[in-house]
Amino acid sequence: MPQKSSLQLELAFGTSGEAAKASASAEASPARRGDERPGASGLMEAAVERRNLLAALQRVRQNKGSPGIDGVTVEDLPDLLRAEWPRIREDLLTGRYQPQPVRRAVIPKPGGGERELGIPTVLDRFIQQALLQVLQPRFDPTFSDHSYGFRPGRRAHDAVRRAQRYVQEGRRWVVDIDLEKFFDRVNHDILMGRLAKRIADRRVLILIRRYLEAGILANGVVIERYEGAPQGGPLSPILANVLLDDVDKELEKRGHAFVRYADDLNVYVRTKRSGERVMQAMRRLYARLRLRVNESKSAVARATERKFLGFSYWIGPGREVKRRVAPQALKRMKDRIRELTRRTVGRSLAQVCERIRGYLLGWKGYFQFAQTPGIFRDLDEWIRHRLRALQLKHWKRGTVIFRELRARGMSVLASQRVAANSRRWWKNSAMMIHIALPNALFDGLRLPRLAA
């Protein structure tokens, strides 16, 4: 952001120094007296404090994201705040602020089906982020140690490692629970009841309720919402943790070994019978929150037969439990690579390598946590095999194939054999083509090696 723009934003948000402190004190005093802002406890004042707002703005800009129903982009947000922030701030402090409806978006789910997202306006994402930054330090220390999803300093890998430890300890059966359309079925009254126990500032409670009830714009019509907390806003994950914390605390009270990441819950037990009892108890616990277990995706099974956050487990030498990429995640990865390396797409080998580079780097960054280097070597070979077949397809005619292979160091006989069956791309790509298209070529094209 240019220096002038930064200064203008700081002026809009309020500046440091004695004048600002006096102003802030004057603004907060009616809340403390209770005569102008009933139900205030200073939480909203903390949310609209200058440093908190600047941090929220930085995070929203880093996250980027699509515009909401008003079409305002992340790049437009600073200009909007410079013009409108004093009015918006006053609306927040007096409890008058009304969020705009969210924009409906649908994305495919990895296991099939669709996931509905609600995209708030950029302004509402900014306000939600500012609220999140003051709520999270208060809420997070109270959450269960078994909860890992969307919490500072905790990653999916930490959850996978803890589950692995439970299996290693002899809890070889897992109660794998998937909630049916969790974010679509969050009961507003139950969630607000849990929040009221943690938040004294009635303005914050009212604002969160309004965010929950903000309509969804679909096909030009705003649909009112009476349940659900659509994914897409900064507040959704922490609200999910607040609601599901009751279940965590009950499982802790019963002494269960479990790991939860958002709405994915695995409870590890020693026998199938114990698992079945836990499953029945979990159905009752979730029913209290008006949530339902997805029976088609939930099961009591051996831990090595189920996946958790993209990983599954296998028993290595010495009965050591190790991590591997779950078969479903491997299939999705291969499907994506097939899509990106289709031989009918008119892109050069260099363009295709650049196209799949970002995907492979992200995939490797997450799944290199698996303890199966042989699988990564096999994947590297398979990807290069596809790329060699792609290059043969680009050369098309046998005469061109023969010329190019000879120019790259293949023998006359080997080049003739490949050129004679010029349409059999996949088979030919395994016939000593690595001499003409060596691994070093793909390294030069910046193709990541998964096994490196």
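Each residue is numbered by its place in its chain's sequence as written, counting from 1. Local features in this predicted model are restricted to residues of pLDDT 70 or higher, and side-chain atom pairs are both shown and tallied only at a pLDDT of 80 or more, whereas totals for entire chains, interfaces and linings draw on every residue. The side-chain values count all of the structure's non-hydrogen atoms but skip hydrogen atoms and water molecules.

**A short note on the environment of Ala-436**
Logical step 1: By definition, any uninterrupted DSSP run of H or I lasting at least four residues is a helix, any uninterrupted run of E lasting at least two residues is a strand, and each is numbered from the N terminus. Structurally, Ala-436 can be placed in helix α19 (residues 433-436).
Logical step 2: In this structure Ala-436 comes out as buried when scored by relative accessible area, which is 6%.
Logical step 3: Sequence separation between Ala-436 and Glu-404 is 32 residues; the distance between their C-alpha atoms is 8.3 Å.
Logical step 4: Residue contacts are defined here by distance: any two heavy atoms, one from each residue, within 4.5 Å place the two residues in contact. Residues contacting Ala-436, with those up to four places away along its chain left out, are Leu-405, Arg-408 and Met-410. A simple rule labels every residue: compare its accessible area, found with a 1.4 Å probe on the protein chains alone, to the largest value its type can have, and call it buried under 20%, exposed over 50%, or partly exposed in between.

**Section: the pattern of salt bridges**
Logical step 1: Salt bridges, as used here, are contacts in which a Lys or Arg side-chain nitrogen is within 4 Å of a carboxyl oxygen on Asp or Glu. The tally for this structure, following the rule as stated, stands at 29 salt bridges.
Logical step 2: For Glu-295, the salt bridge identified is with Arg-283, shortest N-O distance 2.8 Å. Placement of the pair is Glu-295 in the loop between α12 (272-288) and β8 (299-302) and Arg-283 in helix α12, with a sequence separation of 12 residues.
Logical step 3: For Arg-283, a relative accessible area of 27% corresponds to the partly exposed category.
Logical step 4: Glu-354 is the partner of Arg-446 in a salt bridge, and the nearest nitrogen-oxygen pair spans 3.2 Å. Of this pair, Arg-446 sits in the segment after α20 (439-444) while Glu-354 sits in helix α14 (residues 349-367), placing them 92 residues apart in sequence.

**Details of the pairing of strand β3 (residues 173-178)**
Logical step 1: A large share of β3 lies buried, amounting to 6 of its 6 residues.
Logical step 2: Burial of β3 is two-sided: the residues Trp-173, Val-175 and Ile-177 facing one way and the residues Val-174, Asp-176 and Asp-178 facing the other way are all buried.
Logical step 3: The pairing of β3 with strand β7 (residues 264-269) spans 6 bridges and is classified as antiparallel. Across the sheet, Trp-173 pairs through a bridge with Val-269, a residue of β7. Strands are labelled as partners when DSSP assigns at least two bridges between them.

**Some details on the packing of aromatic side chains**
Logical step 1: Two rings from Phe, Tyr or Trp (for Trp, the six-membered ring) form a pair when their centres are within 6.5 Å of each other. A pair whose planes differ by under 30 degrees is stacked, one over 60 is edge-to-face, and the rest are tilted. Applying the stated criterion to the full structure yields 10 aromatic pairs.
Logical step 2: Between Phe-311 and Tyr-366, the aromatic rings sit 5.3 Å apart at their centres with planes inclined by 45°, giving tilted as the arrangement. Taken together, the positions of Phe-311 in strand β9 (residues 311-315) and Tyr-366 in helix α14 put the pair 55 residues apart, joining distant regions of the chain.
Logical step 3: The class of Phe-311 is buried, set by a relative accessible area of 0%.
Logical step 4: Relative accessible area serves as the criterion here: at 25%, Tyr-366 is assigned to the partly exposed category.
Logical step 5: Aromatic pair Trp-363 and Phe-376: ring centres 6.1 Å apart, planes at 85°, arrangement edge-to-face. One end of the pair, Trp-363, is in helix α14; the other, Phe-376, is in helix α15 (residues 373-395), and 13 residues separate them in sequence.
Logical step 6: By the ring-pair criterion, three or more aromatic residues cluster together here, those being Phe-311, Trp-363, Tyr-366, Phe-367, Phe-369 and Phe-376.
Logical step 7: The residue whose ring lies beneath Arg-154 is Tyr-148, and the NZ or CZ to ring-centre distance is 4.6 Å.
Logical step 8: Consider the ring centre and the ring normal. A charge sits over the ring if Lys NZ or Arg CZ is within 6 Å of that centre and within 35 degrees of that normal. The lysine or arginine in question, Arg-198, covers the ring of Phe-139, its NZ or CZ lying 5.5 Å from the ring centre.

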